[in-house]
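Given next are the chains, with one letter for each unit.
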Amino acid sequence: MRKPLIAGNWKMYKTPKESLAFLEGFLPLIEGHTRDEIVLFPTMSSLGYVIDAAQGTNVRAGAQNMHWLNEGPYTSQTSPTMLVSIGCRHVLLGHSELRLYFNETYERVNLKLKAAINHGITPIVCVGELLAEREDLQTEETLRSQIRTALRNISPTEARRLVIAYEPIWAIGTGSTATPEVAAEAHTFIRHELAQCCGQQIADNTRILYGGSVKPENIASLMAQPEIDGALVGGASLVPTTFAQIVHYA
Ligand code: PGA
């Protein structure tokens, strides 16, 4: 059984004060909710505060990125040991905004994935095609190459805690969600590729989240697809009542 995971990606929004105000509103709304895992991804400046404030609740918080080394002369970067030291156990890797605006590559995602696994941090690896790639019928080729590069030299044992987020770039922040059928088709393909890389058992146990304009209005139909194991929510995760509605999809 794959326990659903609903994640909120706050991107570059919310000061520490605003993050704590969110929790104050959000925690009572999802108190006792155990059907889904709930993980928030605040900015680095808020992460420690959110982790501390969420202690003892059913909400976890993770980082939006990290470096793969433990320390070094890498201005602006945060290391896996630093994340672990503040109680962080989740990290987003390869988000398309990093790929598009900050030249993130899947070769680096692969290094970061290995480091996350070695430090006991649950990695959520983002994959997804551009609109032009979908129109050129290159979706599968793109996803295959992203997955194969990200998972290079990752053993099945190491892949045990892996989570994948399928985020078609044309659906992120645009309001145009992939239909449940289009998303499920991509998820099926991703699971097939995972089986090629890590074996069927890992593929069957790996959660594949959908991301891209998830809202209270479309979460239920997405989650009704057996291939969709959760959601990575951007814009709609910023407001406590909206995100709580998503968590409570029926
Ligand atoms: P969105 O963002 O829900 O605002 O489309 C999703 C994401 O970037 O993870």
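Throughout, a residue's number is its position along its own chain's written sequence, starting from 1. Restriction of local features to residues with pLDDT of at least 70 applies here, the model being predicted, together with a cutoff of 80 or more for giving and counting side-chain atom pairs; totals for whole chains, interfaces and linings are based on all residues. Excluded from the side-chain calculation are hydrogens and water; included are all heavy atoms of the structure.

Draft legend 1. Seen up close, the overall build of the protein chain. When its secondary structure is counted, the protein chain shows 11 helices and eight strands. Radius of gyration: over C-alpha atoms. The globule rule applied is 2.2 Å multiplied by the number of residues raised to the 0.38 power. Since a compact globule built from 250 residues should have a radius of gyration of about 18 Å, the 17 Å found for the protein chain is in line with a globular shape. Taken along its principal axes, the extent of the C-alpha atoms in the protein chain is 45 × 45 × 35 Å. Of all intrachain contacts in the protein chain linking residues separated by at least 6 positions in sequence, the fraction that spans at least 24 positions is 72%. Areas reported as accessible are Shrake-Rupley estimates using a 1.4 Å probe. Residue values count occlusion only from the protein chains shown. Entry remark: accessible area of the protein chain is about 11300 Å², with carbon and sulfur atoms responsible for 54%. For this count, His and the chain ends are skipped, Lys and Arg are scored as positive, and Asp and Glu as negative. One atom stands in for each charge, and that atom is NZ of Lys, CZ of Arg, CG of Asp or CD of Glu. In the protein chain, which carries 21 positive and 25 negative side-chain charges, the distance between the mean positions of the two groups comes to 5 Å. Strands are runs of DSSP state E lasting at least 2 residues, helices are runs of H or I lasting at least 4, and numbering of each runs from the N terminus. The criterion used for residue contact is that any of the two residues' heavy atoms lie within 4.5 Å.

Draft legend 2. Highlighting the packing of aromatic side chains. A pair of Phe, Tyr and Trp rings is counted when the ring centres sit within 6.5 Å of each other, with Trp represented by its six-membered ring. The angle between the planes then sorts it: under 30 degrees is stacked, over 60 is edge-to-face, the rest tilted. For the structure on display, the rule yields four aromatic pairs. The interplanar angle of 35 degrees and the centroid separation of 5.0 Å between the aromatic rings of Phe22 and Phe26 together place this pair among those described as tilted. Separated by four residues within a single helix, Phe22 and Phe26 lie in helix H1 (residues 16-30), roughly one turn from each other. Each member of the pair, Phe22 as well as Phe26, carries the same accessibility label: buried. Accessible area is worked out with a 1.4 Å probe on protein chains only. A residue is then buried under 20% of its type maximum, exposed over 50%, and partly exposed in between.

Draft legend 3. Structural context of the site of the ligand. Around the ligand sit 13 residues in total, of which Lys11, His95, Glu167, Gly173 and Ser213 are the nearest. Contacts described as polar in this section are N or O atom pairs within 3.5 Å, which, within protein, must combine one atom able to donate a hydrogen with one able to accept it, while residues neighboring in sequence count only if both atoms come from side chains. Here an oxygen atom of the ligand sits 2.7 Å away from a polar atom, N or O, in the side chain of His95. Measuring from an oxygen atom of the ligand, one finds a backbone N or O atom of Gly234 at 2.8 Å. Protein contacts shield 95% of the accessible area of the ligand, which totals 280 Å² for the unbound molecule. Assessed atom by atom at 2 Å from the grid points, the ligand resides in the second largest pocket. Only heavy atoms are used to decide nearness, and a residue is near a molecule or strand if one of them lies within 4 Å of it. Here a cavity means grid points, on a 1 Å grid over the protein atoms only, where a 1.4 Å probe fits yet cannot get out; a pocket means an open set of points with protein on both sides within 12 Å along at least five of seven lines; lining residues are those with an atom within 4 Å of a point. In this scheme, a molecule is assigned to a cavity or pocket if more than half of its atoms are within 2 Å of the grid points.

Draft legend 4. Molecular detail of the pattern of salt bridges. Salt bridges are defined as contacts in which a side-chain nitrogen from Lys or Arg sits within 4 Å of a carboxyl oxygen from Asp or Glu. Taken as a whole and assessed by the stated rule, the structure comprises 13 salt bridges. For Glu37, the salt bridge identified is with Arg207, shortest N-O distance 2.8 Å. With Glu37 in strand S2 (residues 37-41) and Arg207 in strand S7 (residues 207-211), this pair connects stretches of sequence that are 170 residues apart. Accessibility expressed as a relative area gives 27% for Glu37, which makes it partly exposed. For Arg144, the salt bridge identified is with Glu193, shortest N-O distance 3.2 Å. Here Arg144 is found in helix H7 (residues 139-150), whereas its partner Glu193 is found in helix H8 (residues 180-198), with 49 residues between them in sequence. In the salt-bridge network here, residues are joined through shared partners; they are Arg2, Arg191, Glu227 and Asp229.

Draft legend 5. Molecular detail of the sheet that holds strand S1 (residues 5-9). On the basis of which strands lie adjacent, the open sheet formed by eight strands has the order S3-S2-S1-S8-S7-S6-S5-S4 and parallel pairing. Only two strands of the sheet have a single neighbouring strand rather than two, namely strand S3 (59-61) and strand S4 (90-93). Recorded for the sheet is a direction-independent mean angle of 25 degrees between the axes of neighbouring strands. One ladder, built from three bridges, connects S2 with S3; its direction is parallel. Residue pairing for S3: Leu40 is matched across the bridge by Ala61. The criterion for strand pairing is that DSSP finds at least two bridges linking the strands in question. Axis lines are fitted to C-alpha atoms, over the contacting stretch for helices. Their N-to-C directions set the angle, which ranges from 0 to 180 degrees.

Draft legend 6. Representation of H8 in the model. If you check H8, its first and last C-alpha atoms are 26 Å apart, about what 19 residues at 1.5 Å a residue would give, namely 27 Å. In this structure, the buried residues of H8 make contact with strand S5 (122-127), H7, strand S6 (163-166), helix H9 (200-205), S7 and helix H10 (219-223). Gly199 sits one or two residues past H8 and shows a positive phi near 95 degrees. A helix is expected to span 1.5 Å for every residue after the first.

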